[in-house]
Amino acid sequence: MAGRNPGTKLGDWHVVTPKSELLSCSSLMCLSCGLLAGTELGWISKVHVNRPAVVRHAEQIKKWRTVKGNWQAAWLLKAVTCIDLTTLSGDDTPSNVYRLCFKAKHPIREDLLKALDMHDKGITVAAVCVYPARVIDAVNALMAAGCDIPVASVAAGFPSGQTPLETKLAEIRLAVQYGAREIDIVISRSLVLAGQWEDLYEEIRQCREACGEAHMKTILATGELGSLPNVYKASMIAMMAGSDFIKTSTGKEVENATFPVGVVMMRAIREYYWQTGNKVGFKPAGGIRTAKDAITWLMLVKDELGVEWLKPELFRLGASSLLEDIEKQIFYHVTGTYPLPHDLATV
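Please read all numbers here as calculations on a predicted model, not as lab measurements. (Residues numbered from 1 in each chain as written. Predicted model: local features only at pLDDT ≥ 70, side-chain atom pairs only at ≥ 80, totals over all residues. Heavy atoms only, no water.)

Quick notes on the nonpolar core
One finds Val128, Ile172, Ile183, Trp297, Leu317 and Ile326 to be the most contacted residues of the largest nonpolar core, which totals 104 residues. If near-sequence neighbours (up to four positions away) are discounted, Ile172 is found in contact with Ala155, Ala156, Ile183, Ile185, Cys207, Ala210 and Cys211. One finds Leu88, Ala152, Val186 and Ile219 within the second-largest nonpolar core, a separate group that totals seven residues. (Core = buried A, V, L, I, M, F, W, Y, C linked by side-chain atoms within 4.5 Å. Buried < 20%, exposed > 50% of the residue type's maximum accessible area, 1.4 Å probe, protein only. Contact = heavy atoms within 4.5 Å.)

Re helix 4 (residues 94-105)
Between the first and last C-alpha of helix 4 there are 17 Å, a value that for 12 residues agrees with the 16 Å anticipated at 1.5 Å per step. Of all the residues in helix 4, the buried ones are Asn96, Val97, Leu100, Cys101, Lys103 and Ala104. Along helix 4, the residues classed as buried sweep out an arc of 160 degrees about the axis, all on the same side. Each element contacted by the buried residues of helix 4 is listed here: strand 3 (83-86), strand 4 (127-130), helix 6 (135-144) and helix 13 (322-335). (Helix = DSSP H or I, 4+ residues; strand = E, 2+ residues; numbered from the N terminus. Expected span 1.5 Å × (residues − 1). Arc of directions from axis to C-beta.)

Section: the confidence of the model for the protein chain
Taken over all residues, the pLDDT of the protein chain has a mean of 89, while the share at 70 or more is 90%. Confidence drops under pLDDT 50 across residues 25-39; counting only partners more than four residues distant or on other chains, this segment forms 19 contacts. (pLDDT = per-residue confidence, 0-100.)

Some details on the environment of Ala257
Mapped onto the fold, Ala257 is located in the loop between strand 8 (245-247) and helix 11 (259-276). Residues Ala257 and Gly122 lie 135 residues apart in sequence; the distance between their C-alpha atoms is 29 Å. Beyond its immediate chain neighbours, meaning those up to four positions away, Ala257 contacts Thr248, Ser249, Pro284, Ala285, Gly286, Ile288 and Trp297.

Digging into unusual backbone geometry
The peptide bond linking Phe158 to Pro159 adopts the cis configuration, its omega dihedral lying at 0 degrees. Summarising the element assignment, Pro159 is placed in the loop between strand 5 (151-155) and helix 7 (165-178). The backbone of Asp117 sits at a positive phi, close to 60 degrees, despite the residue not being glycine. Here Asp117 lies in the loop between helix 5 (110-115) and strand 4.

What to know about the sheet that holds strand 9 (residues 281-283)
Sheet strands pair by backbone hydrogen bonding; their relative direction is either parallel or antiparallel. The sheet built from eight strands is open, its strands ordered 9-8-7-6-5-4-3-10 with parallel pairing. The two strands at the open ends of the sheet, each matched to only one other strand, are strand 9 and strand 10 (317-319). Across the sheet, the mean angle from the axis of one strand to that of its neighbour is 25 degrees, orientation sign disregarded. Bridging between strand 7 (residues 215-219) and strand 8 involves three bridges; their strand directions are parallel. Its bridge partner lying in strand 8, Lys217 is registered against Phe245. Relative to the sheet, helix 13 contacts strand 3 and strand 10, its axis offset from that of strand 3 by approximately 120 degrees. (Pairing = 2+ DSSP bridges. Axes fitted to C-alpha atoms, helices over the stretch in contact; angles between N-to-C directions.)

Comments concerning helix 6
Listed in full, the buried residues belonging to helix 6 are Val135, Asp137, Ala138, Val139, Ala141 and Leu142. For helix 6, the elements touching its buried residues are helix 4, strand 4, strand 5 and helix 7. In the stretch just after helix 6, Gly146 is the one whose phi turns positive, near 70 degrees.

Some remarks on the packing of aromatic side chains
Per the stated rule, a full pass over the model turns up six aromatic pairs. Residues Phe282 and Trp297 carry aromatic rings whose centres are separated by 6.0 Å and whose planes lie at 45 degrees to one another, so their mutual orientation is tilted. Linking Phe282 in strand 9 with Trp297 in helix 12 (residues 291-305), this pair joins segments that are 15 residues apart in sequence. Seen in terms of ring centroids, Phe282 and Phe315 are 6.5 Å apart; in terms of plane orientation they differ by 25 degrees. Their pairing is stacked. Of this pair, Phe282 sits in strand 9 while Phe315 sits in the loop between helix 12 and strand 10, placing them 33 residues apart in sequence. By relative accessible area, which is 0% here, Phe282 ends up buried. Members of the aromatic cluster, connected to one another through ring pairs, are Phe259, Phe282, Trp297 and Phe315. Of note, Lys279 hangs over the ring of Trp309, and the distance from its end group to the ring centre comes to 5.7 Å. (Phe/Tyr/Trp six-rings, centres within 6.5 Å; stacked < 30°, edge-to-face > 60°. Lys NZ or Arg CZ within 6 Å of the ring centre and 35° of its normal.)

Quick look at the pairing of strand 6 (residues 182-186)
As a general feature of sheets, a regular strand has side chains that alternate between the two faces. The element strand 6 is extensively covered by neighbouring structure, given that five of its five residues are classed as buried. Here strand 6 shows no split at all, with Glu182, Asp184 and Val186 on one side and Ile183 and Ile185 on the other all buried. In this structure, strand 5 lies alongside strand 6, joined through four bridges in parallel fashion. Directly across from Ala155, in strand 6, lies its bridge partner Ile185. Handedness of the strand 5-helix 7-strand 6 crossover: right-handed. Looking at chain direction, strand 6 and strand 7 are connected through five bridges and run parallel. Its bridge partner being in strand 7, Asp184 is matched across the sheet by Lys217. (Right-handed = clockwise from strand over helix to strand, strands pointing away.)

Structure, rendered in C-alpha cells:
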C-alpha cells in the first residue's frame, strides 16, 4: 500500500475555496474566522453540495462509451489487481476461505493470460477480505500458496457499527494480532446523522491507533448517511482522523456504491490532497458485479483523481462476484466464445 495518511488535528485544518461547481462553501472569510476563533469544525456547517450538478455528472458517467478489444482486456486486468476479493457470509468456513485464497492468487486462468502475454506479470487480486474469525484461515492459506497477498479484515462492529467503542477497538486489535494487514472499519452512522463530528473524529482516530501498522479503510455506509453533504463531511472527518482509504459501503445496505456518492467522495479526497499533500485511497463496494461496472469505476477514478490513483495502493474494488464476470469477458476476448459453466473455476 501507499504511505500512511498521518491525518490532521482538528485545530490544524484550514479550509480553502473548493475548486468545483459540485462542492462549494458559503464564504471563505466566515470559514477562516470560525477556525481562528477556535470553532474547530465551524467550517463543516458551511459545506454545500450542488446535488443537481452531481446527479447530472453521474448521468453522464452512465453514458460513457466502454472500451473494446485489447484496451478492454487491459482495463479488466487492471481491475483484477485492484479487487479486494471478499467473503462476508455467516456460513463462511475454513474450506471456502481456502478456495477464495487460491482464486486470489490465480484470478485468471493461466492459458488466458498466456494468450494475452501477461502470464509472467504476477497478476493477483489486491487483498482477501474476511471476518476477523476467518483471518487466521486466510493467512495460513496464502502462506501455504507462497504469495504475499495481504489479508483485510472487517472490524469495529461490521456491518451496523452498533457496538461500544471499547468492543470495536478490541476487535480491531484481535484482527491485527491474527495477521490482518488491512482493517476495514465501519463508522457509527448515528454520529453523522446527529452532527456529532468531533465524536466521529475521535472514534475513527482511536480505531486508527488500534490498527497499529495495519492500513485502515473507513467504511462510511453512505446509503445510511441521509444526504450528499453528510457524505462529503464524513469523508473529510475520516481522512482528518487518519484513514488510509475511505470506502462507500459495507455491501449490506439497501443502497451501496453509486456514482453520485463516488463523485462526492473523490472530490473530498482531492480537496484533502490539495490541502495536506496526503493521498488517501478510494474503495467503492457493494453492487459492483459486472466487468462494465469495474471499467466505469476505473475511468471515473482516472477522470476525478488522475492516473496515479489507478493502482491498488490508492484504489480498490470491494467485490465478491465481480471477478467471475471479468474472467468471462477475458475468456470471450481470447476465444471468441463465452465459457461453459465448467470452463472457469469459481469461488
